[in-house]
Amino acid sequence: MKTELRDDVVEMDLICVVCPIGCSIKLRAKDGKVEIVGNRCPKGYEYAMDEYRDPKRILTTNVRVLNGDHELLSVKTDSPIPKRLIWEMMRILKNIRIEAPKEVGEIILENVLNTGANIVSTRRIMRRKS
Ligand code: SF4
């Protein structure tokens, strides 16, 4: 959770998701100085800094399929993308139509929004028999 106390003070309570230990991390930023406590290792420090500067997430959703044996194809980004771009990405994916067939791991869209991430299929979809 991110709390902006004043213009120059930000506090965040985070659970590190880098490994299963799940350390509780507190971040406090004031006047450009960032304090981080609760991480057991440097990866947790980097995770907290990323959450503060530009949080990223893997996006998972569905896209519509043309001529497939299912109407929807589950997809995801193959690397985390900035959280601030997720709604724009969802809008793009809502409006595309994918032609069947598709294999697991097949790239649906390359380098979406210039993030370096691709949208890939997470299931196999066959062409509908007519
Ligand atoms: S801070 Fe280090 S030990 Fe703790 S959850 Fe993150 S990666 Fe694991």
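This structure is a prediction, so every number in the text was calculated from the model and none was measured.

Visitor: Break down the overall build of the protein for me, citing the residues and quoting the values.
Guide: Within the protein, the regular secondary structure consists of two helices and eleven strands. Taken from the N to the C terminus, the helices and strands of the protein come in the order β-β-β-β-α-β-β-β-β-α-β-β-β. Taken against the 2.2 N^0.38 rule, which gives 14 Å for 130 residues, the C-alpha radius of gyration of the protein at 19 Å runs more than 25% over that of a compact globule. Principal-axis analysis of the C-alpha atoms places the extent of the protein at approximately 65 × 30 × 20 Å. Put simply, of all contacts in the protein between residues at least 6 apart along the chain, 47% involve residues at least 24 apart.

Visitor: So, the domain arrangement of the protein: which residues are in play, and what are the values?
Guide: Domain boundaries in the protein define domain 1 (2-53) and domain 2 (60-121). The straight-line distance from the C-alpha centre of domain 1 to that of domain 2 is 31 Å.

Visitor: Give a detailed account of the pairing of strand β7 (residues 72-77), specifying residues and quantitative values.
Guide: The two faces of β7 differ: L73, V75 and T77 on one face are buried, but L72, S74 and K76 on the other face are not. Across five bridges, the pairing between strand β6 (residues 60-66) and β7 is antiparallel. Within β7, the residue paired with V63 across the bridge is L73. Where β7 meets strand β11 (residues 119-121), three bridges bridge the pair, whose relative direction is antiparallel. The partner of T77 across the bridge, within β11, is I119.

Visitor: An account of helix α1 (residues 42-53) is needed here, citing residue identities and associated values.
Guide: Taking 1.5 Å as the rise per residue, α1 with twelve residues should run 16 Å; its terminal C-alpha atoms sit 16 Å apart, in good agreement. Buried within α1 we find G44, Y47 and A48. Seen along its axis, α1 keeps its buried residues to an arc of 95°; they face one direction. Residues of α1 that are exposed and point over 90 degrees away from its buried face: P42 and R53. Where α1 is buried, its residues contact β2 (9-15), β3 (24-30) and β4 (33-37).

Visitor: Explain the environment of P101 to me, and be specific about the residues and the numbers.
Guide: One can find P101 in the loop between β9 (97-99) and β10 (107-109). Given 17 C-beta atoms within 10 Å, P101 falls into the partly exposed group. Distance from P101 to D50, taken between C-alpha atoms, is 37 Å for residues 51 residues apart in sequence. With sequence-adjacent residues up to four places away left out, P101 is seen in contact with I125, M126 and R127.

Visitor: Tell me about the environment of P55, residues and numbers included.
Guide: On the secondary structure map, P55 appears in the loop between α1 and β5 (56-57). Measuring from C-alpha to C-alpha, the distance between P55 and R84 comes to 8.0 Å, with 29 residues separating the pair along the chain. In contact with P55, other than residues within four places in its own chain, are D50 and K83.

Cut-off values and rules
- Residues numbered from 1 in each chain as written.
- Predicted model: local features only at pLDDT ≥ 70, side-chain atom pairs only at ≥ 80, totals over all residues.
- Helix = DSSP H or I, 4+ residues; strand = E, 2+ residues; numbered from the N terminus.
- Rg over C-alpha atoms; globule rule 2.2 N^0.38 Å.
- Contact = placed C-beta atoms within 7 Å.
- Domains from an automatic or database assignment.
- Buried ≥ 20, exposed ≤ 12 C-beta atoms within 10 Å, placed from the backbone.
- Pairing = 2+ DSSP bridges.
- Expected span 1.5 Å × (residues − 1).
- Arc of directions from axis to C-beta.

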